[in-house]
Amino acid sequence: MAVKAAFCGTFDPVTNGHLALIERAAAQFDFLTVVVSPNSSKQCLLSADERRTLLEQSVAHLPNVTVMQYEGLATEAARKAGASVLVRGLRGAVDADYEYNMAQMNRRIAPEIETVLLFSDPETALISSSNVRELLRYHLPVDDLVPLPVNAWLQEQSLAAGTDTHQESAAGNHLQSKEEGK
């Protein structure tokens, strides 16, 4: 019987840390659905459509991976994807309590869905979307932190620093205007 898994996140933007976890999960399960979902406690830099498109481009080399958008609980997204496993990434001790709490709540809501935690690789454990957004705010390069399609998109949007890290880009202004709109 084929095992389907779902990996939910905000992916704002998708990072090399996310991609490493997606690749590892894709190797463990027959089918993996990566779910772009909102996080009510986060102000996003990219729209959900932009995040979905960049994820699709970033996972195009993985034939058993699909990407979908879903507004709602991770367990509902997993059900919609037909998944019996919910994959979560764990970067370190700081994430552990949060992920433990979420796994217990998810089990309460959907006992038929098992949560599986994948530990981040040491090379990617310190990469987070929040760190990427902060570097963009100060016009610093992020090309080694995000997949190629994401970096190309950020360059096209003038959100990422080019070879001259001191050049003025729109990232700081874009991020500042997002914050002011809170």
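1. Focus: the overall build of the chain
Part 1 of the argument: Helices and strands together make up the secondary structure of the chain, namely 7 helices and 5 strands.
Part 2 of the argument: Ordered by position from N to C terminus, the α and β elements of the chain give β-α-β-α-β-α-β-α-β-α-α-α.
Part 3 of the argument: The 182 residues of the chain split such that 46% are buried.
Part 4 of the argument: Pairs at least 24 apart in sequence give 75% of the contacts found in the chain among residues at least 6 apart.
Part 5 of the argument: For the chain, the exposed surface amounts to about 9800 Å²; the carbon and sulfur share of it is 52%.

2. Here's the deal with the side chain of S37
Part 1 of the argument: Position of S37 relative to the elements: it lies in the loop between β2 (31–36) and α2 (48–58).
Part 2 of the argument: Judged by its relative accessible area of 12%, S37 is buried.
Part 3 of the argument: Beyond its immediate chain neighbours, meaning those up to four positions away, S37 contacts C8, G9, T10, R51 and Y70.

3. Quick look at helix α4 (residues 93–109)
The periodicity of an α-helix, 3.6 residues per turn, causes residues three or four places apart in sequence to face the same way.
Part 1 of the argument: Look at α4: 25 Å from first C-alpha to last across 17 residues, which is about the 24 Å you get at 1.5 Å a residue.
Part 2 of the argument: Each element contacted by the buried residues of α4 is listed here: α3 (74–81), β4 (85–90) and β5 (114–119).

4. Side note on a nonpolar patch on the surface
Part 1 of the argument: Taken together, the side chains of L73, M105 and I109 present a nonpolar region at the surface, about 240 Å² in accessible area.
Part 2 of the argument: Considering the arrangement of structural elements, one finds I109 in helix α4.
Part 3 of the argument: Judged by its relative accessible area of 33%, I109 is partly exposed.

5. What to know about the sheet that holds strand β1 (residues 4–9)
Part 1 of the argument: Read across the sheet, 5 strands follow the order β3-β2-β1-β4-β5 without closing on themselves; strand pairing throughout is parallel. The sheet is open, and its two borders are formed by β3 (65–69) and β5, each paired with just one other strand. This sheet shows a mean twist of 30° between the axes of neighbouring strands, independent of strand direction.
Part 2 of the argument: Sheet analysis places β2 next to β3, joined by 5 bridges and oriented parallel. Following the sheet pairing, V36 is matched in β3 by Q69.

6. Quick look at the pattern of salt bridges
Part 1 of the argument: Per the stated rule, a full pass over the model turns up 9 salt bridges.
Part 2 of the argument: Residue D121 is joined to R24 by a salt bridge in which the shortest nitrogen-to-oxygen separation is 3.6 Å. Here D121, found in the loop between β5 and α5 (129–137), pairs with R24, found in helix α1 (residues 16–28); they are 97 residues apart in sequence, far enough to count as distant.
Part 3 of the argument: What makes D121 partly exposed here is its relative accessible area of 25%.

7. Some remarks on the nonpolar core
Part 1 of the argument: Counting 34 residues, the largest nonpolar core has I22, L32, V34, L55, V65 and V87 as the members making the most contacts within it.
Part 2 of the argument: Contributing elements (two or more residues each) for this core: β1, α1, β2, α2, β3, β4, α5 and α6 (148–156).
Part 3 of the argument: Ranked by residue count, the leading element in this core is α1, at 5 residues.
Part 4 of the argument: Apart from residues lying up to four places away in sequence, V65 is in contact with I22, A26, L32, V34 and V59.

8. A look at the packing of α2 against α6
Part 1 of the argument: Two numbers describe how α2 lies on α6: the axes approach to 8 Å, and their chain directions differ by 135°. Comparing the axis directions of α2 and α6 gives the class oblique. Note on element contacts: α6 touches α2 through P149, V150 and W153, opposite E50, L54, Q57 and S58.

9. Topic: the confidence of the model for the chain
Part 1 of the argument: Per-residue confidence for the chain gives a mean pLDDT of 88, with 87% of residues at or over 70.
Part 2 of the argument: Below pLDDT 50 for its whole length, residues 163–174 participates in 19 contacts with residues either more than four positions away or in separate chains.
Part 3 of the argument: For the stretch residues 176–180, pLDDT sits under 50, and the model shows 5 contacts to residues farther than four places along the chain or on other chains.

Parameters at a glance
- Residues numbered from 1 in each chain as written.
- Predicted model: local features only at pLDDT ≥ 70, side-chain atom pairs only at ≥ 80, totals over all residues.
- Heavy atoms only, no water.
- Helix = DSSP H or I, 4+ residues; strand = E, 2+ residues; numbered from the N terminus.
- Buried < 20%, exposed > 50% of the residue type's maximum accessible area, 1.4 Å probe, protein only.
- Contact = heavy atoms within 4.5 Å.
- Areas by Shrake-Rupley, 256 points an atom, 1.4 Å probe, with all protein chains shown as cover.
- Expected span 1.5 Å × (residues − 1).
- Patch = residues over 30% accessible without salt bridge, like charges linked within 9 Å, V, L, I, M, F, W, Y side chains within 5 Å.
- Salt bridge = Lys/Arg side-chain N within 4 Å of Asp/Glu carboxyl O.
- Pairing = 2+ DSSP bridges.
- Axes fitted to C-alpha atoms, helices over the stretch in contact; angles between N-to-C directions.
- Core = buried A, V, L, I, M, F, W, Y, C linked by side-chain atoms within 4.5 Å.
- Parallel < 35°, antiparallel > 145°, perpendicular 65-115°, else oblique.
- pLDDT = per-residue confidence, 0-100.

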